[in-house]
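# Summary of the model geometry
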Amino acid sequence: MKNWTSFDTRWTLSLFGTAVGAGILFLPIRAGTGGFFPVVVMTILIFPMVWLSHRALSRFVLASSNSQSDITQAAEEHWGRGVSVVITLLYFFAIYPICLAYGVGITNTFGSFFINQLNLTSLFDPATKALYPSVRAILAIILVSAMMIVMLFKEEIITKVCNILVYPLCVVLFIFSLYLIPHWKIEAINFVPNFKDFLVVIWLTLPVLVFSFNHSPAISTFSKSLRREYGDNAPKKSNQILFNTALMLLVFVMFFVFSCILALDSSDFAAAREANIPILSYFANKFDNPLIAYGAPLVAFLAIVTSFFGHYFGAAEGLNGIIRKALKSYGVENPNIKAINRFTTIFMFVTIILVAYINPSILGFIEDLGGPIIAAILFIMPLIGLYTVSNMKKWRNLWLDIFLLVTGILTIISVIYKFF
């Protein structure tokens, strides 16, 4: 097998860019509620969770006899068409709620900017500091329409622009993490929650951690590319590249999280969650610094928009696939693709605007839907493959498999705890 090459570097950066998005702007809000020490434990847990789960998913794809199979096609080969339909549904319900959440996020980012930075008193209620309902409705329509108009461009062009934007955003977020160092409050280290609260905050943060580090949307393309480049050595290269990607993400994301939690109090995170805004918008409102006040919302806006585009394409493709399969099951052999695409676009447009107006919790979407469903696909599905697919048996490792199973199940069932 070849040593590290420029091909490997490109894929490491690409996977890193896929993971870094708006999710990390909400992670400190959830993780910071328990203080410093639970985040230390999260940091220890998340690296093996991210590396091993993405490696297992890549192996699931590489175990297919067809070198061009994606995840759903590999699932169909391993377990039959019925299971592949279920996985397609899971993918859609993992991604679609996040599109809705980003619609809310972009509306709230602009709303917070108008209220706190521009002080446009005619747009909001001074008593509640909330946009008037009619203003919120108009703002949601304008912002979502603007993002949907961008979709008229070719997917390849949009994807390239988003990829170009990701790395400057990473640099800005890293600089912001450094900027916060003088604002760190060392007394934050002195706070230690009781044992029950300590465990609960780690458990309930798992879905947001999984979501923030997730780069599974690129794993199919990544695995196919490795197979073309390295042939039978693809699984070894996959392990190497995914290890380095997870390490880069660990340093970048958790440094940002630590910097945020050391600069704010637990009451600040509760206030940010209540306001339903990204952590950067909260800093913009808190710090008396014009650069942060105007620059932080801009960075939050770009992070949400670039993440939205990536998730939108996945959700739209998933819904199109579900409709096509449903029509074929009813005997429609040649469904009207243009009509399906039109319906999907209208459905996404209307529902994103409606949810942006209603303003449900963004973290709620991630904690209750996005994170747990991603964990089912990323942790549980490949594990089932390890013990049911003959081509995957060689990769079994009992203790690592138990670790993935336990952390995956804990991530999925965290939503149940919230109801009790």
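Our subject is the structure that appears above.
Residues numbered from 1 in each chain as written. Predicted model: local features only at pLDDT ≥ 70, side-chain atom pairs only at ≥ 80, totals over all residues. Heavy atoms only, no water.

## A look at the pattern of salt bridges
Applying the stated criterion across every chain yields a total of 5 salt bridges. The residue Arg-273 makes a salt bridge to Glu-367 at a minimum N-O spacing of 2.8 Å. Of this pair, Arg-273 sits in helix H11 (residues 266-275) while Glu-367 is found in helix H15 (residues 362-386), placing the two residues 94 residues apart along the sequence. Residue Arg-273 is classed as partly exposed on the basis of its relative accessible area of 29%. For Glu-367, a relative accessible area of 2% puts it in the buried group. When salt bridges that share partners are traced, they join Arg-30, Arg-273 and Glu-367 into one network. (Salt bridge = Lys/Arg side-chain N within 4 Å of Asp/Glu carboxyl O. Helix = DSSP H or I, 4+ residues; strand = E, 2+ residues; numbered from the N terminus. Buried < 20%, exposed > 50% of the residue type's maximum accessible area, 1.4 Å probe, protein only.)

## Looking at helix H14 (residues 337-358)
With 22 residues, H14 should cover 32 Å at 1.5 Å per step; its first-to-last C-alpha distance of 32 Å lies within 8% of that length. Taken together, the buried positions of H14 are Ile-340, Thr-344, Met-348, Thr-351, Ile-352, Ile-353, Val-355 and Ala-356. The residue sitting at the N-terminus of H14 and contributing the capping side-chain oxygen is Asn-336; that oxygen lies 3.1 Å from the backbone nitrogen of Lys-338. One or two residues past the end of H14 sits Asn-359, with phi positive at roughly 70°. (Expected span 1.5 Å × (residues − 1). Polar contact = N/O pair within 3.5 Å; in protein donor to acceptor, adjacent residues only side chain to side chain.)

## A few points about the packing of aromatic side chains
On inspection of all chains with the given rule, the structure shows 25 aromatic pairs. Linked through ring pairs, Phe-92, Phe-93, Tyr-96, Phe-343 and Phe-347 together constitute an aromatic cluster. Stacked on the ring of Trp-51, the Lys or Arg Arg-55 has its end atom at 5.0 Å from the ring centre. The cationic tip of Lys-394 hangs over the ring face of Trp-395; the distance from NZ or CZ to the ring centre is 4.4 Å. (Phe/Tyr/Trp six-rings, centres within 6.5 Å; stacked < 30°, edge-to-face > 60°. Lys NZ or Arg CZ within 6 Å of the ring centre and 35° of its normal.)

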